[in-house]
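# Chains, contacts and geometry: an overview
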Amino acid sequence: MADSSFDIVSKVERQEVDNALNQASREISQRYDFKNVGASIEWSGDKIEMRANSEERVKAILDVFQSKLVKRGISLKALDTGEPQASGKEYKIFASLQEGITQENAKKVAKVIRDEGPKGVKAQVQGDELRVTSKSRDDLQSIIALLKGKDFDFALQFVNYR
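The paragraphs below set out a description of the structure included in this document. Note that the structure is predicted; figures quoted are calculated from it, not measured.

Take the environment of Phe6 next. Within the element layout of this structure, Phe6 appears in strand E1 (residues 4-9). The exposure class assigned to Phe6 is buried, which follows from its relative accessible area of 0%. When the C-alpha atoms of Phe6 and Gln124 are compared, they prove to be 11 Å apart, with 118 residues separating the residues in sequence. Not counting residues within four places of it along the chain, the set of residues in contact with Phe6 comprises Leu130, Arg131, Val132, Leu140, Ile143, Ile144, Phe158, Val159, Asn160 and Tyr161.

In space, the four strands of this open sheet follow the order E7-E8-E1-E9, with antiparallel pairing throughout. Of all strands in the sheet, those with a lone pairing partner are strand E7 (122-126) and strand E9 (157-159), marking the two edges. Within this sheet the neighbouring strands show an average axis-to-axis angle of 30 degrees, counted without direction. Sheet topology note: the E1/E9 ladder contains three bridges and is antiparallel. Bridged to Asp7 within E9 is Val159. Docked against the sheet, helix H3 (residues 103-116) engages E1, E7 and strand E8 (129-134), running at close to 20 degrees with respect to E8.

With five bridges joining them, strand E2 (residues 40-44) and strand E3 (residues 47-52) adopt antiparallel strand pairing. Bridged to Ile41 within E3 is Met50. A loop of two residues connects E2 with E3, the two strands running antiparallel in sequence, and Gly45 in this loop sits at a positive phi of about 75 degrees.

Calculation notes
Residues numbered from 1 in each chain as written. Predicted model: local features only at pLDDT ≥ 70, side-chain atom pairs only at ≥ 80, totals over all residues. Heavy atoms only, no water. Helix = DSSP H or I, 4+ residues; strand = E, 2+ residues; numbered from the N terminus. Buried < 20%, exposed > 50% of the residue type's maximum accessible area, 1.4 Å probe, protein only. Contact = heavy atoms within 4.5 Å. Pairing = 2+ DSSP bridges. Axes fitted to C-alpha atoms, helices over the stretch in contact; angles between N-to-C directions.

And the structure:
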C-alpha cells in the first residue's frame, strides 16, 4: 500500500484579508470615536497601512482590523505589524502578511515530528512547505493533533491530505 501524506503550509487567503480590511474600513468610517481624526486603513502596495491623528487611535484601528481577521478565521500569527510611527501630524502603522514557512521554522516543525511523533513518520522540507508521510493514516492524524497543540510563532495549515 502506498504511503499517506499531507503538507504543512503557512498561507493566507488574500480575499479573506481583503474582506476583513473592507469591514474594518467600513466600521472605522461609521464609529463615533473615529470621526474627524483622519482614521483610515488601506492597502499600500503589499502592506496594509493604518493612519490616524494619535497613537491611541491608530492602535484602535489595528485592534478593529485584528478582530475582523479573527472573525474570518485568519490567524493573527500571519500578521506582522510594526510600531506606530509619527509622520507629520499623523501616526501610521504598517502591517504585512507572512506567507510560507522559512527553513528554520520548517526545521523546528520537523524536529518536533521526529522527537515527539510516532515512529515511521517522515518530514521533508519542500520549498516553503513541509511534506509529512507515513504508512499509517492514524499516525498522520496524531501528528496533526500534536502540531495543533504546540504553540509556534507562525501560522500552520494542513493541506493535501491523501
